[in-house]
Amino acid sequence: MNLNEVVRFAPLAINCFTGSLAQLSGRSGAALHEAQLLEAGDGYLLRAGLDEWGMPEYTFAVEDVGLRACKVLGAQVTRVPIASDWVAQLQALLGEYPGIVVWVNSAYLDYAPVYSSKPGYLHAVLVIGMNDAATHVRIFDSLIVDREPHGCEAWLSIEAFATAITDRVRTETYDHMGHFVVMQPAGRPVDFDVRASLYRQACSFLTNDTYRGALPSYRALCMSRFRDVPETGATAARRLFDHIVVLYVIPGLTLLAQSLQRADCQGSITTLTQTLINHWRALSVLALKFEATHSPLILERLEDRFDVIESLTLELWQTLHDSLHNT
């Protein structure tokens, strides 16, 4: 057993929590794909806010989405409060379940330099083992947001893990730490109507200001940070790039394209989804250019591209709604 070995692989998720649930479901014997979780849990509906660093974020209600989706899809998920004697508790849970999802402070995950080199943020990992001496836990991390996003399996010292689960970190909206999450898979396949789920999300987007107004709010938050001092603007531009390329936007739209195919929604809606992905990708390139230059000209181009993306996003949800209405 090499406790220093880190096994890297391509990223397996668009979100650390839903990705961890998807991995856990497979280990439990009834695999749920992340696209299914976003379908069943209304995870394609994004909202705007501030992250752990006070930077704009464009995300979905990750824990609510994941837990709700598992219930809809027949899996029983339980949040177990972390006890004072958590080592014995974790050993017992690992004896009963193939893995445990837990929210941590990323700053203490020393198997990836990107974690220790940045301020800690709220992150979910899957614990899949503990060595006999209880000095290390085995971590399966499905999404590490680095310049080259990846996932990994690695051993983490029990001391680092102890700090990671107790040094609390939260966003403006979310405060999830303090629980182990375990899963019992569905006893039998559950009938699930993908079209009805997508229609429900389209209706919510068009009628709920939290979702319909999320992109304009996110844009306003980003532009405000871009016009701040250059250091703040550069950080916000990098975070915009991360949200587009690595975290939620393009990966989420890619999963949505899969869901549209599963719902037998073809033609113009598929083309529109790809067009929107292309415009977001162009915006991500502008974000990197602004990070490097802080150019007023690039800032104008960012605003123009946001205009197009806002219009296309509304068109996408309206088209999806109309295509599924009364079908």
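Coordinates for the structure precede this section.
Numbers given to residues run from 1 along each chain, matching the order in which its sequence is written. Note on the predicted model: pLDDT of at least 70 is required for a residue's local features to be given, and 80 or more for side-chain atom pairs to be given and counted; whole-chain, interface and lining totals, by contrast, use all residues. Values shown for side chains rest on all heavy atoms present in the structure; no hydrogens or waters enter the calculation.

(A) Focus on helix α9 (residues 214-226). Between its first and last C-alpha atoms α9 spans 18 Å; for 13 residues at 1.5 Å apiece the expected length is 18 Å, and the two agree. Every buried residue of α9 is accounted for by Ala214, Leu215, Tyr218, Arg219, Cys222, Met223, Arg225 and Phe226. One side of α9 carries all its buried residues, which in axial view fall inside an arc of 160 degrees. What makes two residues a contact is simply this: any of their non-hydrogen atoms within 4.5 Å. Each helix corresponds to a stretch of at least 4 residues labelled H or I by DSSP, and each strand to a stretch of at least 2 residues labelled E; elements are numbered beginning at the N terminus. Considering only its buried residues, α9 is in contact with β2 (47-50), β3 (56-59), α8 (209-212), α10 (230-247), α12 (268-293) and α13 (296-324). Expected helix span is taken as 1.5 Å per residue step, with the number of steps being one fewer than the number of residues. Burial classes follow relative accessibility: with a 1.4 Å probe on protein chains only, a residue under 20% of its type's maximum area counts as buried, one over 50% as exposed, and anything between as partly exposed. Within this analysis, the arc is defined by the directions that extend from the helix axis to the C-beta atoms.

(B) Summary view of the nonpolar core. Throughout this description, the term nonpolar core refers to a set of buried Ala, Val, Leu, Ile, Met, Phe, Trp, Tyr and Cys residues connected via side-chain atoms within 4.5 Å. Formed by 114 residues in total, the largest nonpolar core has its most connected members in Leu90, Tyr111, Phe161, Phe226, Leu240 and Trp280. The dominant element in this core, judged by the number of residues it contributes, is α13, at 10 residues.

(C) Region of interest: the side chain of His279. Secondary-structure assignment places His279 in helix α12. Assessed through its relative accessible area of 19%, His279 is described here as buried. Setting aside residues up to four positions removed in sequence, His279 forms contacts with Arg305, Val308, Ile309 and Leu312.

(D) View of helix α3 (residues 62-72). Regarding α3, the residues found buried are Val62, Glu63, Val65, Gly66, Ala69 and Cys70. Looking straight down α3, one finds its buried side chains confined to an arc of 165 degrees; they lie on one side. As for α3, its buried residues are in contact with α1 (16-27), α2 (34-40), β3, β4 (76-81), β5 (100-105) and β9 (179-184).

(E) Focus on the packing of aromatic side chains. Any two rings among Phe, Tyr and Trp, with Trp reduced to its six-membered ring, count as a pair given centres within 6.5 Å; such a pair is stacked if its planes are under 30 degrees apart, edge-to-face if over 60, and tilted if neither. Inspection of the entire model under this criterion finds 12 aromatic pairs. For the ring pair Tyr111 and Tyr115, a centre distance of 6.0 Å and an interplane angle of 90 degrees mean the geometry is edge-to-face. Considered together, Tyr111 and Tyr115 belong to a single accessibility category, that of buried residues. In this structure an aromatic cluster arises from ring pairing among Trp53, Tyr111, Tyr115 and Tyr121.

(F) Molecular detail of the sheet that holds strand β8 (residues 150-157). In short, DSSP must find at least two bridges between two strands for them to pair. In spatial order, the strands read β1-β8-β7-β6-β5-β9-β4; together these seven strands make up an open sheet with antiparallel pairing. Looking at the sheet topology across the chains shown, the edges are occupied by β1 (6-9) and β4. Neighbour to neighbour, the strand axes of the sheet diverge by 30 degrees on average, direction disregarded. Pairing of strand β6 (residues 122-130) with strand β7 (residues 136-144) involves four bridges; the strand directions are antiparallel. Among the inter-strand pairings, Leu126 is bridged to a residue of β7, identified as Phe140. Here α3 sits on the sheet and contacts β4, β5 and β9; the angle it forms with β4, its principal contact strand, is near 135 degrees. Angles shown run from 0 to 180 degrees and are taken between the N-to-C directions of axes, each axis being a line fitted to C-alpha atoms and, for helices, limited to the stretch in contact.

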